[in-house]
Amino acid sequence: MTRDPRYDILFEPIKIGPVTAKNRFYQVPHCTGSGWHHPRTLAGLREMKAEGGWAVVNTEYCSVHPAVDDPPHPCASLWDDGDVRAHALMTEKVHAHGALAGVELCLGGASVANLGTREVALGVSSMPNLAGNPFQTRAMDLSDIREVRRWHRNAALRAKTAGFDIAYVYATHGYLLSQFLSAKHNQRTDEYGGSIENRVRLIREIIEDTKEAVGDTMAVAVRFSAETNGGGGGDGNPVAGETREMFEILGELPDLWDINVSDYSLEMGLSRFVEQGSLEPYVAAIKSLTTKPVVTVGRFTSPDMMVSHIKRGVMDFVGAARPSIADPFLPKKIEEGRLEDIRECIGCNVCYVGDGKGFPIRCTQNPTMSEEWRRGWHPEKIEDKGSDSRVLIVGAGPAGLEAAHALGKRGYDVVLAEATRDLGGRVTREAGLPGLSEWIRVRDYRLQQLEKMPNVEIFRESELGVEDALAVGADHIAIATGSTWRRDGFGAANSRGISNLGPLENLFTADDIMAGNLPSGPTIVFDDDHYYMGSVLAERLRESGLPVTLVTPEDAVSAWGKFTQDRWRGQSRLMEMGVDLITGHNISSFDGAAATLQCNYTGTEKPLKVQSLVLVTARTPMDSLYQALTTRIAEGVEGAPKSLKRIGDCEAPAIIAAAVFSGHRYARELDATLDLDNPLKHDRVFFEDG
Ligand code: ADP
Ligand code: SF4
């Protein structure tokens with residue numbers, strides 16, 4: 001197949017200073033949770049983007065000196081020759097596919113506390129750490145400013161040695177340079193503070209330093225916020241007056257502008273709260289302020305929307321972080337006219353968790369993310385089948401669907417049996433909850449692929465028992481029957497459940513609500529799960545008109561959701577809807593008329609009059625079929641399969657990304673020779689000379 005001529009514009013080469021991007025697909029800098037810790041993992045991951053057709057592939061934020069260090073967030077670094085060699089692993093692989101490699105050089109300011117290196121952080125003034133650490137910056141004097149410029153220049157030179165084609169000057173997201181730009185943060189009285197000309201001075205100098213040092217062969221890009229910097233600190237106005245004035249000074253200096261907004265929860269907004277292309281009002285005016293190419297993001301997965309943004313002059317490059325994670329081959333698929341094969345990002349931000357918790361990035365839609373090097377997994381290619389086996393998969397949730405998809409691609413004969421009429425399991429159910437509609441893409445991508453596979457048979461409304469499963473005569477059986485939410489309060493805060501729980505008809509679980517069985521009267525949603533479910537259910541019930549109180553043992557609503565950005569906007573929405581929030585409390589009893597809440601700190605109990613209680617605590621794996629089959633096989637039943645496994649939530653309830661991974665892994669490992677002691681290659685930094 002060939003591409004639709006409507007999309008030709010996406011494949012035009014674009015000059016960026018001294019280098020040329022082969023098309024308009026631009027992977028903007030994004031965190032990977034690998035940073036300097038896992039150089040081979042990172043090189044494998046970035047290579048996949050280049051192979052998938054992205055013309056530019058960038059690193060994540062890259063510290064220029066040990067005085068910019070941000071644990072537990074794993075940043076990249078360019079401190080020494082060892083770092084140069086580590087980055088060269090990536091640039092060589094990116095170049096091998098004809099793409100450009102960019103590095104996002106970073107100065108930290110009050111956003112970093114240097115907890116690892118113990119260097120004092122330098123700031124525009126003596127100000128508290130913006131990430132909540134009880135550390136302040138040292139106000140930079142003029143010699144510090146000279147020093148910081150030297151660090152940046154030296155890092156740019158190292159970047160050149162490492163083979164990079166683009167060096168960033170990073171002037172947004174609250175890091176040092178954006179603090180200099182901000183009228184709110186920059187209270188200096190010297191030539192670096194006060195007037196706009198003074199506040200942009202350091203950025204101007206660093207752009208000029210970088211161009212002078214490496215500009216003969218490398219392009220210089222500036223990452224800049226369309227609103228906050230110019231607006232005096234977070235006024236949220238698209239292209240406020242100050243931004244225009246800043247562009248009058250800086251507009252023509254760099255070779256490329258990478259424009260976003262400083263509010264991460266908008267820039268990389270969850271699909272729960274933010275639609276695709278939502279930065280348009282912010283960035284649209286920027287292009288008229290410069291003749292240089294502009295890139296921006298917007299969770300673009302639709303080529304029509306990409307074309308429309310380019311034709312309407314919003315941007316020159318299609319910037320992407322998440323769409324390139326969910327599908328590193330997005331450009332290739334557009335180029336080859338295979339739009340139905342695009343694995344669209346669902347906007348869940350599971351890919352952001354690795355940055356907050358310090359582990360290699362993963363993705364709900366793309367189970368191969370970060371596994372390119374350490375497990376040798378390619379997002380589009382998979383080993384041919386290892387035998388002529390027939391495989392039965394029971395349950396068509398995300399685990400079962402992905403197992404069937406990947407096994408089908410390997411060429412196995414697959415039978416997929418699902419108890420209900422609808423396929424998709426929890427994904428289909430959860431996509432009906434407020435804000436989660438895009439999650440259905442997890443099901444739809446896989447169904448679309450399965451439809452093309454004559455070797456995969458799907459049986460709906462087929463609830464299998466032990467004899468049914470054995471009667472299929474499969475060589476291998478995978479049980480992907482999922483889990484159910486518990487009704488007894490058992491969970492992290494109540495390891496024996498909640499002892500006094502009132503009439504069953506007043507008790508509800510997430511499964512009830514998703515099945516349309518709603519409570520009545522004043523209702524508590526008890527969230528001992530701490531991710532999105534408690535908050536989304538509270539929203540659903542409040543929408544239906546019930547008085548709702550969300551109670552959680554954590555000190556914040558959706559506490560784990562801080563890693564995905566569910567927490568803040570989720571809590572704001574509940575408050576705006578009139579949901580009462582009670583944090584730091586457990587529930588010790590409920591009788592259908594009132595619940596007893598217990599303070600986590602003092603043990604003090606207080607009653608709350610409510611009629612219904614929704615428990616969002618833990619889940620029970622639905623593994624009875626697996627257990628029964630295990631017993632029958634141990635008894636020596638005739639026609640027993642060669643292997644029986646459980647996958648996904650049936651093995652261990654977790655997030656959807658874990659179920660997809662589990663299904664994919666099952667498919668990859670069938671008939672493979674496994675080293676159980678070393679299931680994956682262990683990445684680490686071990687260059688002998690630095
Ligand atoms: P996971 O997240 O692990 O994929 P889900 O709960 O989303 O799990 O999906 C499990 C699927 O398994 C559901 O669609 C459910 O209807 C189906 N299922 C459960 N038991 C059986 C069974 N005995 N036979 C066929 N399908 C089953
Ligand atoms: Fe998109 Fe979710 Fe994958 Fe991130 S984890 S790229 S938000 S699908």
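Structure's up top.
Here we summarise the structure given alongside this text. (Residues numbered from 1 in each chain as written. Chains lettered and ligands numbered in written order. Predicted model: local features only at pLDDT ≥ 70, side-chain atom pairs only at ≥ 80, totals over all residues. Heavy atoms only, no water.)

### Thoughts on the site of ligand 1
So, point 1. Near ligand 1 there are 23 residues, and of these Ala399, Glu418, Ala419, Arg426 and Asp649 occur at the shortest range.
So, point 2. Backbone polar atom of Ala480 to an oxygen atom of ligand 1: 3.4 Å apart, as the coordinates give it.
So, point 3. Asp649 places a polar main-chain atom, nitrogen or oxygen, 2.7 Å from an oxygen atom of ligand 1.
So, point 4. Isolated, ligand 1 exposes 580 Å² of accessible area, and the fraction of that covered by the protein chains is 93%.
So, point 5. Across the shell around ligand 1, the residue classes tally to nine nonpolar, nine polar and five charged. (Near = heavy atom within 4 Å. Polar contact = N/O pair within 3.5 Å; in protein donor to acceptor, adjacent residues only side chain to side chain. Areas by Shrake-Rupley, 256 points an atom, 1.4 Å probe, with all protein chains shown as cover. Nonpolar A, V, L, I, M, F, W, Y, C, P; charged D, E, K, R; others polar.)

### Some details on the sheet that holds strand 23 (residues 580–583)
So, point 1. Spatial ordering of the open sheet is given by 20-27-21-22-23, a layout of five strands whose pairing is parallel. Whereas interior strands pair on both sides, the edge strands pair on one side only; in this sheet they are strand 20 (507–509) and strand 23. Taken over all neighbouring pairs, the strand axes of this sheet differ in orientation by 20 degrees on average, direction set aside.
So, point 2. Alignment of strand 21 (residues 523–527) against strand 22 (residues 548–552), held across four bridges, turns out to be parallel. When the sheet's bridge partners are listed, Val525 is paired in strand 22 with Leu550. (Pairing = 2+ DSSP bridges. Helix = DSSP H or I, 4+ residues; strand = E, 2+ residues; numbered from the N terminus. Axes fitted to C-alpha atoms, helices over the stretch in contact; angles between N-to-C directions.)

### Let's talk about the site of ligand 2
So, point 1. The immediate surroundings of ligand 2 are formed by Arg322, Ile325, Ala326, Cys345, Ile346, Gly347, Cys348, Asn349, Val350, Cys351, Cys363 and Thr364.
So, point 2. One can see that ligand 2 is located within the second largest cavity.
So, point 3. In terms of residue class, the shell around ligand 2 is built from eight nonpolar, three polar and one charged. (1 Å grid on protein atoms, 1.4 Å probe; cavity = no way out; pocket = protein on both sides within 12 Å on 5 of 7 lines; lining within 4 Å. Sits in = over half its atoms within 2 Å of the grid points.)

### Re the packing of aromatic side chains
So, point 1. Counted by the stated rule, this structure contains 15 aromatic pairs.
So, point 2. Both rings, one in Phe11 and one in Phe25, keep their centres 5.4 Å apart while their planes meet at 50 degrees; by these two values the pair is tilted. Of the two residues, Phe11 sits in the segment before strand 1 (14–16) while Phe25 sits in strand 3 (residues 25–27), which places them 14 residues apart along the sequence.
So, point 3. A relative accessible area of 0% means that Phe25 is categorised as buried.
So, point 4. Here the aromatic rings of Tyr531 and Tyr532 are separated by 4.5 Å at their centres, their planes lie at 70 degrees, and the arrangement is edge-to-face. The pair Tyr531 / Tyr532 is uniform in exposure class, with both members buried. (Phe/Tyr/Trp six-rings, centres within 6.5 Å; stacked < 30°, edge-to-face > 60°. Buried < 20%, exposed > 50% of the residue type's maximum accessible area, 1.4 Å probe, protein only.)

### Observations regarding unusual backbone geometry
So, point 1. Looking along the chain, the bond that leaves Pro71 and enters Pro72 is cis, with omega of 10 degrees.
So, point 2. Tracing the backbone through its elements, the reader meets Pro72 in the loop between strand 4 (56–63) and strand 5 (76–77).

### Re the side chain of Glu372
So, point 1. Summarising the element assignment, Glu372 is placed in the loop between helix 13 (353–357) and strand 14 (390–394).
So, point 2. Although buried, Glu372 forms no salt bridge, and the nearest oppositely charged side chain, Arg374, lies 7.6 Å from it.
So, point 3. With sequence-adjacent residues up to four places away left out, Glu372 is seen in contact with Thr41, Gly44, Leu45, Met48 and Trp377. (Lys, Arg positive; Asp, Glu negative; His and termini not counted. Salt bridge = Lys/Arg side-chain N within 4 Å of Asp/Glu carboxyl O. Contact = heavy atoms within 4.5 Å.)

### Describing helix 7 (residues 241–250)
So, point 1. Considered for burial, the residues of helix 7 that qualify are Thr243, Met246, Phe247 and Leu250. Each buried residue of helix 7 sits inside an arc of 100 degrees when the element is viewed along its axis, so together they form one side. (Arc of directions from axis to C-beta.)

### Comments concerning empty space enclosed by the protein
So, point 1. Evaluated as defined, the whole model comprises five cavities of 30 Å³ or more.
So, point 2. Around the largest cavity, the lining is made up of 18 residues, and of these Pro379, Glu402, His405, Lys409 and His664 lie nearest the centre.
So, point 3. For the lining of the largest cavity, the secondary structure elements donating two or more residues are helix 14 (398–410), helix 16 (441–450) and helix 22 (656–669).
So, point 4. Here the lining of the largest cavity takes four residues from helix 14, the largest share from any one element.
So, point 5. Its residues placed into classes, the lining of the largest cavity shows five nonpolar, six polar and seven charged.
So, point 6. Quantified by volume, the second largest cavity comes out at close to 80 Å³.
So, point 7. Around the second largest cavity sit Arg322, Ile325, Ala326, Cys345, Ile346, Gly347, Cys348, Asn349, Cys351, Cys363, Thr364 and Gln365, which together line it.
So, point 8. Considered class by class, the residues forming the lining of the second largest cavity number seven nonpolar, four polar and one charged. (Points joined across faces, edges and corners; volume = space filled by probe spheres on them.)

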